Amino acid sequence: SKCNNRHRTDQENGVPTVVKKMLSPSIKKIFPWAEYMPRFGWAKNGTKIWAQLLDRKQQHFVVALFELSQFKENTSEEDPTPEATIIWEETTDIWINVGATVGFALILINDCLTFLSNGNFIIASEKTGFRHLYLNEYNSPGNYTVKTLTQGEWQVETSQIWVDEESSNVYFHGTKDGPLENHFYGLCYAAETPTPIRLTLAGHFHNVLMDVACQHFVTTYSNVREPHKMQLFRVAHNKESKSCFIS
């Protein structure tokens with residue numbers, strides 16, 4: 001697996017040198033039940049590496065964090081430190097659909113994990129039968145308090161999700177207004193009771209692209225009676241109510 005490798009580039013006489021490092025002990029030793037690694041990537045600021053792991057039946061799912069010190073040139077000497085930190089785990093007797101979520105603050109990332117600068121992270125899960133967003137608030141290594149951001153008999157569409165840490169808002173497509181419509185919503189994940197706010201015109205199916213600063217978005221929308229239209233909106237925030245709106 002690619003996540004078992006780490007490359008470092010050094011400058012020697014002006015020529016880059018690539019050093020191959022392997023995770024020690026290997027993922028297979030740490031998680032012998034794991035068959036698939038759907039996704040992996042860097043945690044915030046490149047301080048750790050995360051990986052999604054799934055068993056053969058797709059009924060056991062974890063997201064694990066690995067320290068960079070665990071990647072070694074010589075794998076004969078296994079690291080005596082803790083092997084991995086599990087930050088999210090799901091089990092079911094049915095099937096786990098892995099395709100979540102979100103991206104790093106202020107940047108769009110599809111189908112992966114959002115680590116915030118304070119150590120918290122946001123993930124999407126279908127554990128209730130509908131795909132929803134959850135904020136995991138950091139307490140200590142491997143110990144998080146889970147806060148439900150969205151809920152109900154509708155789902156978050158994870159094709160495009162944006163996170164703005166400055167305003168503590170997350171933006172996403174969803175079907176909260178009905179399964180025949182696709183809308184763009186924003187919510188403040190720092191609010192005591194996060195409430196999704198629809199930012200697009202009702203009665204239409206919207207496809208939205210947002211800028212990396214999370215200040216403007218363009219929507220292309222239509223319905224069975226109207227052809228495609230395109231509009232540009234600016235997003236504003238109410239700091240007192242911790243809500244967002246368009247202007």
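How each quantity is defined
Residues numbered from 1 in each chain as written. Predicted model: local features only at pLDDT ≥ 70, side-chain atom pairs only at ≥ 80, totals over all residues. Heavy atoms only, no water. Buried < 20%, exposed > 50% of the residue type's maximum accessible area, 1.4 Å probe, protein only. Helix = DSSP H or I, 4+ residues; strand = E, 2+ residues; numbered from the N terminus. Pairing = 2+ DSSP bridges. Polar contact = N/O pair within 3.5 Å; in protein donor to acceptor, adjacent residues only side chain to side chain. Contact = heavy atoms within 4.5 Å. pLDDT = per-residue confidence, 0-100.

Peer 1: Explain the pairing of strand E10 (residues 121-125) residue by residue, including any values.
Peer 2: The buried fraction of E10 is high, at five of five residues. In E10, alternate side chains face the same way, and those of Phe-121, Ile-123 and Ser-125 on one face and Ile-122 and Ala-124 on the other are all buried. Of the strand pairs in this sheet, strand E9 (residues 114-115) and E10 are connected by two bridges, and their pairing is antiparallel. Bridge pairing in E10 places Thr-114 opposite Ile-122. Alignment of E10 against strand E11 (residues 132-140), held across five bridges, turns out to be antiparallel. Directly across from Ala-124, in E11, lies its bridge partner Leu-133. Hairpin remark: E10 followed by E11, antiparallel, with six residues in the connecting loop; positive phi at Gly-129, about 100 degrees.

Peer 1: I'd like a rundown of the pairing of strand E19 (residues 229-238), residues and numbers included.
Peer 2: Bridge count for strand E18 (residues 216-222) against E19 is six bridges, and the pairing is antiparallel. In the sheet register, Thr-219 faces E19, and the bridge partner there is Gln-231. Between the antiparallel neighbours E18 and E19 lie six residues.

Peer 1: Break down the side chain of Ser-125 for me, with residues and values.
Peer 2: Here Ser-125 lies in strand E10. Judged by relative accessible area, which is 3%, Ser-125 ranks as buried. Looking at Ser-125, its side chain comes within polar contact range of the side chain of Glu-90, at 2.7 Å. Once residues lying within four places of it in the same chain are set aside, the contact partners of Ser-125 are Trp-88, Glu-90, Phe-130, Arg-131, His-132 and Tyr-134.

Peer 1: Go over the confidence of the model for the protein chain with me, naming the residues and quoting the values.
Peer 2: Summing up the model confidence of the protein chain, the mean pLDDT is 83 and the portion of residues at 70 or higher is 81%. Here residues 102-111 is modelled with pLDDT under 50, and outside its nearest four sequence neighbours on either side it reaches 44 contacts, counting other chains as well.

Peer 1: For the side chain of Ser-167, give the residues involved together with the corresponding values.
Peer 2: Position of Ser-167 relative to the elements: it lies in the loop between strand E13 (156-164) and strand E14 (169-174). Only 3.5 Å separates the side chain of Ser-167 from the side chain of His-237, close enough to count as a polar contact. Contact partners of Ser-167, with chain neighbours within four places excluded, come to Cys-188 and His-237.

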